[in-house]
Amino acid sequence: MLLLGPHAALLLALGLAGAGPRGTGPGGPTQDSADSPAARAWQNPIRKRGYLGSPLVEVTPFVFQDRLYRLENEQRFWTIAGAEPGARFHEDAVRVRDVETGAIVSVALTNHAFATALVHGGRVYVFAGDFGRGKGWRQVTQIAMTSSADLRNWSAPVTVLEAERGELIYNTAVCHDGDRFVLLYETNDRRWPAFTFKYCQNPDIDDPRGWERISGALYGTQEYVGGPALYFEGGWYYTLYLHALPTGWETRVTRSRDLERWQDAPPDRPFVSFDPGRTGLPLRSEEVRERNASDVELCHFEGQTLLYFTGSDQMVAGDLQWATYAGTPRQLFEEFFPVATSSDPIAPPHRGDWAPVLIAGEEAGHAPGQAPVGDLARQRPTPAQLTYQEAQLGAFVHFGPATYTGNDMHATPEPEVFDPIDLDAGQWAAAASSFGAKHVVLTAKHHNGFCLWPTRTTDYSVESSPWKDGQGDVVREFVDACRQLGLRPGLYLSGGDMHFACHSTPQPMGKRHIVGDRDTYFEVFMGQLEELLTGYGPLAVIWFDGAYDPFGWDVMDDEGTRLGTQHGDAIAALVREHQPDAVIFAGTRPDVRWSGSEAGWASYPLWNVVPQGQGPLHWLGPDDFGYILAEANLHTRNTWFWGADSDHTLMSVERLMQAYDSAIGRGANLLVNMTPDTRGLIPEAEVGRLAEFGAEIRRQFGRPIARTDSADGWAEGPALELELGSGHSVSCVVIEEDLSQGQRVVSYSIEARVDGRWLTATQGSSIGRRRIARFEPVRTEHLRLLITGAAGVPVIRALRAY
């Protein structure tokens, strides 16, 4: 945001212009000047390209139908000689310029300012502050939206957000994270220093009433920030913001997974800095020098990232400039975070209105990243664990009464609601196979207690439904369909049962209480479990949901006394007795633990071995330790069960691939959800999206440039080299350990031979089942893996370059 007149004076009066760390300078005359202390330790990858001779400030570049455009915020007073700032502001225009021709294509809005643009679904959406009528200049209290499919005809603007009482709105920014749209707006909320960023969300960008503020989502409550931009890349929300230095303002970058906890780039890594030697600024006298680099916005175009920002001195007008980065926006942002490829300990936020598998207690989900070297050297997976971990990618099927009740997993409607007249489990299995799943898990009984098989334990089952006149068995059709396509079936069985009225409270781990008669219900549950274990052949996994589980290690009675693990131990023993080749997910004696995310994420580094005494740090009980592999799950719609008119919430292929990288690519297993509708069929849009996901996996990883794997003999030792041949640019490697020997690698480095020297392309910690390591493209004929730390002799099963 350009601070004109009184705004800049206010900042100077408050001393905010000098709020930066002592000795932090603006970065010298160019972005990568050797005079900058930051540049001596770190080279900024952004290259300034030139000045456009324009006073424009807020400019958003975007690509639409393969052409590059700029959304420009023009202030009318700039064109009137001698006019005061804000003169005739009702004529201010938000316009679109074709960058190649320089022509103004259209004016999207007048009497608006602080606009930004987002391209989605074949339309360009513009969000801007509405000046309204009868108010002074920049007394903005509403954000409006307009959109166009051709950049010439714009929809009537509609209000999407009203300011809270007593606050004004300035800059806006918007992004799409694959599930929802997130809108950032800059505010002068007087509870915090000027200015503060607030965030809103909406699953449907075309619904102007769907925007809601995200509780706790704030940035800039401790110090001055301004000039924001917002992007979602690689599972992170990146926010660009203006930072005050003793001599001016520069743009920096911060990031968050949940819009609440932020990780700032180091202060010696400014995103864009100013050039104090520049004079001749638009609409300013000749002696005025540049002391600002703000309002940075960017897009990816023709293989590089293109950036626009404004210079000048935060008075009267800007000085529009442009820059480039040789790579994608994600690669650009990661350049500013030293640990971007070596550590990711914070799970993405839970976004549903339901309790996830488990809710973190005071310790859960904060596992230390340090490798448990001694434990890694001793622990090996069981044959069942190894088989399940080798498969790695699986499918989830959520189906039952909640399909008919708008995803209400706690409602217990009459059995008559369940009537999937076109049910086709073969279609489910084919959809799972299309994206490469090796096993599929069906919700045989979810929290409502309805059983998808004919059971002796309750009349709340398919036997009491009209489907197939009560003679149907969804579980039977499911397991048969899986096996016909070579998929291993698994079954989910909820411990919590709302129909029986026995479950735990939806509180964080360590604080849950029992609801209902656990001892009586235990006999019912064990009967259901035994029917599933003995009636449907070999199973890959028995999946116990931690949410609402009355048998959890931490569940207490009304007096606060822990009820113990004897029920959970008996459940695990029954599974071992009847299904020795199946793994147990969760429960009190698990083979597989939850990764901590229903968004397809696992922490990095990721260790398959849990040291004794660290169970609660890994979503486990205090007595759980040893080799317990991690699994993430992913709801591909905005709900676990199908809901009417929800196809628009399906995750994009890009978002699915981010989950693939963040789970599979870190060594975890991943369950990708599928949602049969009330007919018993997965909707066509979902089937298509899953197939596209599978095609993208094959496109990215199906044809390596070079590889060595177990067919060539396992590689034991600290180094493994690949010859790529000539003319190849490499930007990704996939590494796999032989886990039959346990997880041994605790640190590694990938090096490329360039001009006769070995240069580091990327580094990391754990490898495990599969490590997908992406890095800046490098042209080389030789690549090598160096194991720089290990618990015993490392055994590498595969190394592939892409």
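Residues numbered from 1 in each chain as written. Predicted model: local features only at pLDDT ≥ 70, side-chain atom pairs only at ≥ 80, totals over all residues. Heavy atoms only, no water.

*Asks:* It is not clear to me how the pattern of salt bridges should be interpreted in this structure. Could you clarify?
*Replies:* Two side chains carrying opposite charge are able to pair once their charged atoms lie near each other. Per the counting criterion, the structure on display carries 40 salt bridges. The closest approach of N and O atoms between Arg476 and Asp480, which form a salt bridge, is 3.8 Å. Of this pair, Arg476 and Asp480 both sit in helix H7 (residues 474-484), four residues apart, which is roughly one turn of that helix. On the accessibility criterion, Arg476 (30% relative accessible area) is partly exposed. The partly exposed category is assigned to Asp480, whose relative accessible area is 34%. Among the salt bridges present, the one from Arg770 reaches Glu736, with a minimum N-O distance of 3.3 Å. (Salt bridge = Lys/Arg side-chain N within 4 Å of Asp/Glu carboxyl O. Helix = DSSP H or I, 4+ residues; strand = E, 2+ residues; numbered from the N terminus. Buried < 20%, exposed > 50% of the residue type's maximum accessible area, 1.4 Å probe, protein only.)

*Asks:* Is there a simple way to think about the packing of helix H6 (residues 425-434) against helix H11 (residues 684-701) in this case?
*Replies:* When two helices pack together, their arrangement is given by the angle between the helix axes and by the axis-to-axis distance. Two elements in contact, H6 and H11, have axes separated by 7 Å at closest approach and are oriented at 30 degrees. Classed by the angle they form, the pair H6 and H11 counts as roughly parallel. In contact with Gln427, Ala431 and Ser434 of H6, H11 contributes Val687, Leu690, Ala691, Gly694 and Arg698. (Axes fitted to C-alpha atoms, helices over the stretch in contact; angles between N-to-C directions. Parallel < 35°, antiparallel > 145°, perpendicular 65-115°, else oblique. Contact = heavy atoms within 4.5 Å.)

*Asks:* When you look at the confidence of the model for the protein chain in this model, what are you seeing that I'm missing?
*Replies:* Of the residues in the protein chain, 90% reach a pLDDT of 70 or more, and the chain-wide mean stands at 88. The model gives residues 1-41 a pLDDT under 50, and that stretch makes 96 contacts with residues more than four places away or in other chains. (pLDDT = per-residue confidence, 0-100.)

*Asks:* I tried to follow the sheet that holds strand E4 (residues 93-98) on my own but got confused; where do I start?
*Replies:* Strand-to-strand pairing in sheets goes through backbone hydrogen bonds, with the strands running parallel or antiparallel. Taking strand neighbours across the sheet as the criterion, the four strands line up as E2-E3-E4-E5 in an open arrangement whose pairing is antiparallel. Of all strands in the sheet, those with a lone pairing partner are strand E2 (59-64) and strand E5 (104-110), marking the two edges. The average undirected angle you get between the axes of adjacent strands in this sheet is 25 degrees. Two strands pair when backbone bridges link them, and E2 and strand E3 (residues 67-74) are joined in this way by six bridges, in the antiparallel orientation. Following the sheet pairing, Phe62 is matched in E3 by Tyr69. (Pairing = 2+ DSSP bridges.)

*Asks:* What's the story with unusual backbone geometry in this structure? I'm lost.
*Replies:* For residues other than glycine, phi is negative in most cases, and the peptide bonds are mostly trans. A cis amide bond, omega -5 degrees, links Ala194 with the succeeding residue Phe195. Along the chain, Phe195 falls in the loop between strand E11 (181-187) and strand E12 (196-202). In this chain, Tyr604 is followed by Pro605 through a cis amide linkage whose omega measures 0 degrees. For Pro605, the position within the fold is in the loop between strand E28 (592-594) and strand E29 (609-610).

*Asks:* Would you mind going over the nonpolar core with me for this structure?
*Replies:* Proteins that are soluble and globular tend to have nonpolar side chains buried together. Trp428, Val475, Leu529 and Met674 are the most contacted members of the largest nonpolar core, which has 75 residues in total. Of all the elements, helix H8 (residues 518-535) adds the most residues to this core, at eight residues. Look past the residues within four positions of Val475 in its chain and what remains in contact with it is Leu442, Ala444, Leu452, Trp453, Leu491, Leu532 and Tyr536. In this structure, Met509, Val583, Phe585 and Trp619 belong to the second largest nonpolar core, which totals 30 residues. (Core = buried A, V, L, I, M, F, W, Y, C linked by side-chain atoms within 4.5 Å.)

*Asks:* It is not clear to me how the environment of Ala149 should be interpreted in this structure. Could you clarify?
*Replies:* Mapping Ala149 onto the fold places it in the loop between strand E8 (142-148) and strand E9 (158-162). Apart from residues no more than four positions distant in its own chain, Ala149 is found in contact with Phe64, Gln65, Gly122 and Arg123.

*Asks:* Can you walk me through the pairing of strand E14 (residues 229-233) in this structure?
*Replies:* On a regular strand, each side chain points to the face opposite its neighbour's, so the side chains alternate between the two faces of the sheet. Most of E14 sits out of view: five of its five residues are buried. Alternating residues of E14 divide into Ala229, Tyr231 and Glu233 and Leu230 and Phe232, and every residue in both groups is buried. When E14 meets strand E15 (residues 236-245), the two strands line up antiparallel, connected through five bridges. If you follow Tyr231 over to E15, its bridge partner there is Tyr238. Here E14 folds back onto E15 in antiparallel fashion, the turn holding two residues, of which Gly234 has a positive phi close to 60 degrees.

*Asks:* Where do I start with the sheet that holds E11 in this structure?
*Replies:* Overall, antiparallel pairing links the four strands, which are arranged E10-E11-E12-E13 in an open sheet. What marks the edges here is a single partner per strand, and that holds for strand E10 (169-176) and strand E13 (212-219). For this sheet the average axis-to-axis angle between neighbouring strands, irrespective of direction, equals 25 degrees. The pairing of E10 with E11 spans six bridges and is classified as antiparallel. Bridge pairing in E11 links Ala173 to Leu184.

*Asks:* I would appreciate a short explanation of helix H5 (residues 383-391) in the present structure.
*Replies:* Note on helix geometry: an α-helix contains 3.6 residues per turn, so any two residues three or four positions apart are oriented the same way. When we look at burial in H5, the residues that qualify are Ala384, Gln385, Tyr388 and Gln389. The arc enclosing the buried residues of H5, seen along the axis, measures out at 125 degrees, which places them on a common side. Positive phi shows up at Gln392, right after H5, with a value of about 65 degrees. (Arc of directions from axis to C-beta.)

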